[in-house]
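Below are the chains, spelled out letter by letter.
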Amino acid sequence: MKVAFFNTKKYDRSFFELTNSKHNHELFFLEPKLDAVTAPLAEGCQAVCMFVNDKADAQTLEILAAHGIRLLALRCAGFNMVDLKRAAELGITVVRVPAYSPYAVAEHAVGLVLMLNRKLYRAYNRVRGDDFSLDGLMGFDLHGRTVGVIGTGKIGLIFAQIMHGFGCQVLGYDPMPNPSFAAIGAARYVELPELLENSDIISLHCPLVPATHHIIDAEAIDQMKPGVMLINTSRGALLDTKAAISGIKSGKIGYLGIDVYEDEDNIFFENLSDSVLLDDTFQLLQSFSNVVITAHQAFFTKDALQSIADTTLTNITQFERGLPSQNEVKYQEKVIAKSPA
Ligand code: NAD
């Protein structure tokens, strides 16, 4: 099958080319992001492969359909950027990678906790400049602290297990409780306000759906402990960034670690070091000494990339052979979705 891969980087190509030896599809790697302007680049292909910050809105899908695209293969879990209703109307099948490496994301979230707590980002730069003083680097023991996990699915569960390993108490909030979470020693489910009020560290691991948009807003931040550490490796719009900035200024938020940002679409995954970044909110966020930002790299391990390539190419092969796929995303699924990661 001829597949146009949008928004590809060198690392995508190497994993997909290697894995494709088992599938023999014709892969065309394109650098532009998918949108209505770039969609015609898929001319001559039957399938399109896209990533998290590509857009498959109604207009883009119509152009793709007019160019003969019958399959949209997402090389990610989330599908909030696809107009599933229009895709269904146009007869475009949508498939995704529902899980690749939950360990990659959970471990990165823990990395942010350690980096913020022990101020490793400051210590690294200090020692490189022959400044061996310790003032300003004091952290706290994780042992005995309370960690709140919002969303206890695949990633939240692993994050909770790791934090339990540090000796933390773990509180979880999830409308669909996970028995494996409840089985972690010292972990218990509570309602969201209780989690917000009692956690020293709060980590977001729920999907972005209308119900979770700005789940952490000014009101939620008000309920948190003074000096709380907030971690978001899930989706930018779970956190109201402006409310977070106010919380940092007031001292309510003592530490903020994010791998995702509400308006990351035009920033992340690109080297913009030669240009002027015009996003004032992002610039302000960057200026705080207790904020650590990584650019949507939590998934970025070789294990996860291999898994993404395997599943995506298998999804395409199954479609080509007319086989049903459990990774198909149907319009109805979005309406009733519990957890579109
Ligand atoms: P999952 O579907 O296994 O778990 C999500 C959990 O969130 C489910 O248990 C669900 O019931 C729960 N949930 C749904 N609505 C909720 C709500 N209102 N409040 C609290 N919990 C709610 O998904 P996962 O694989 O664990 O992924 C979690 C999220 O991580 C994804 O949605 C995605 O946004 C994000 N993610 C980020 C990266 C990255 O590189 N930064 C990579 C992969 C996934």
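Quick caveat: nothing in here was measured; it's all calculated off a predicted structure.

Visitor: Summarise the domain arrangement of the protein; cite the residues concerned and give the values.
Guide: Partitioning the protein into domains gives domain 1 (2-100 + 302-320) and domain 2 (102-293). Taking only C-alpha atoms into account, the centre of domain 1 sits 31 Å from that of domain 2. Each side of the interface is counted separately: domain 1 has 14 residues, and domain 2 has 10 residues. Buried area between domain 1 and domain 2, both sides added, is near 910 Å², and the carbon and sulfur share of it is 47%. Considering only the side of domain 1, the residues that lose the most area to domain 2 are Lys-9, Lys-33 and Asn-53, jointly responsible for 41% of the buried surface there. At the junction of domain 1 and domain 2, the tally comes to two salt bridges. Here domain 1 and domain 2 share five residue pairs in polar contact (both at pLDDT 80 or more) between them. Among the residues forming the side of domain 1 that touches domain 2, the class breakdown is seven nonpolar, four polar and three charged.

Visitor: Go over the site of the ligand, please, and point to the residues and values.
Guide: In the vicinity of the ligand lie 26 residues, with Lys-154, Ile-155, Asp-174, Thr-233 and Asp-259 positioned nearest. Backbone polar atom of Ile-155 to an oxygen atom of the ligand: 2.8 Å apart, as the coordinates give it. At 2.9 Å from a nitrogen atom of the ligand is found a main-chain nitrogen or oxygen belonging to Thr-233. The fraction of the free accessible surface of the ligand (870 Å²) that becomes covered by protein chains is 92%. A per-class count over the shell around the ligand returns 12 nonpolar, nine polar and five charged.

Visitor: So what about helix H10 (residues 241-250)? Which residues, and what values?
Guide: In an α-helix there are 3.6 residues to a turn, and that puts residues three or four apart on one side. Every buried residue belonging to H10 is among Thr-241, Ala-243, Ala-244, Ile-245, Gly-247 and Ile-248, and all of these are buried. Buried residues belonging to H10 abut helix H9 (218-223), strand E11 (253-258), helix H11 (280-287) and strand E12 (291-293). N-cap assignment for H10: the residue whose side-chain oxygen lies 3.2 Å from the backbone N of Lys-242 is Asp-240. Looking at the residues trailing H10, positive phi occurs at Gly-251, about 90°.

Visitor: I'd like a description of the UniProt feature "domain: D-isomer specific 2-hydroxyacid dehydrogenase NAD-binding" (unreviewed entry) in the protein, backed by residues and values.
Guide: As annotated by UniProt and renumbered to match this structure, "domain: D-isomer specific 2-hydroxyacid dehydrogenase NAD-binding" (unreviewed entry) occupies residues 110-298. Helix makes up 34% of residues 110-298 and strand makes up 16%, while its end C-alpha atoms are separated by 10 Å.

Visitor: Can you tell me about helix H2 (residues 58-66), naming the residues and giving the values?
Guide: Of all the positions in H2, only Thr-60, Leu-61, Ile-63 and Leu-64 are classed as buried. Along the axis of H2, the buried positions cluster into a sector of 160°, meaning they face one direction only. Where H2 terminates, the next one or two residues include Gly-68, which has phi positive at roughly 90°.

Visitor: Run through the environment of Asn-315, naming residues and quoting values.
Guide: Here Asn-315 shows up in helix H12 (residues 302-320). Expressed as a C-alpha distance, the spacing of Asn-315 and Arg-96, which sit 219 residues apart in the sequence, is 7.8 Å. Each residue touching Asn-315, except ones within four places of it in the same chain, is listed here: Val-95, Arg-96, Ser-325 and Asn-327. Engagement of the side chain of Asn-315 in a polar contact is seen with the backbone oxygen of Arg-96, the distance being 2.9 Å.

Visitor: With reference to specific residues and values, describe the nonpolar core.
Guide: Taken as a class, soluble globular proteins show a tendency for nonpolar side chains to be buried jointly. Val-48, Leu-72, Val-82, Ile-150, Leu-196, Ile-216 and Leu-256 are the most contacted members of the largest nonpolar core, which totals 81 residues. Of the domains in this structure, domain 1 (2-100 + 302-320) and domain 2 (102-293) are the two that each give at least three residues to this core. Ignoring any residue separated from it by four or fewer positions in sequence, one finds Leu-256 in contact with Leu-116, Leu-230, Leu-239, Ala-244, Ile-248, Leu-285, Asn-290, Val-291 and Val-292. Within the second largest apolar cluster, 26 residues are counted, among which are Val-113, Cys-168, Ala-187 and Ile-231.

How each quantity is defined
- Residues numbered from 1 in each chain as written.
- Predicted model: local features only at pLDDT ≥ 70, side-chain atom pairs only at ≥ 80, totals over all residues.
- Heavy atoms only, no water.
- Domains from an automatic or database assignment.
- Contact = heavy atoms within 4.5 Å.
- Buried area = accessible area lost by both parts, 1.4 Å probe.
- Salt bridge = Lys/Arg side-chain N within 4 Å of Asp/Glu carboxyl O.
- Polar contact = N/O pair within 3.5 Å; in protein donor to acceptor, adjacent residues only side chain to side chain.
- Nonpolar A, V, L, I, M, F, W, Y, C, P; charged D, E, K, R; others polar.
- Near = heavy atom within 4 Å.
- Areas by Shrake-Rupley, 256 points an atom, 1.4 Å probe, with all protein chains shown as cover.
- Buried < 20%, exposed > 50% of the residue type's maximum accessible area, 1.4 Å probe, protein only.
- Helix = DSSP H or I, 4+ residues; strand = E, 2+ residues; numbered from the N terminus.
- UniProt positions renumbered as here; feature names shortened; annotations may be inferred.
- Arc of directions from axis to C-beta.
- Core = buried A, V, L, I, M, F, W, Y, C linked by side-chain atoms within 4.5 Å.

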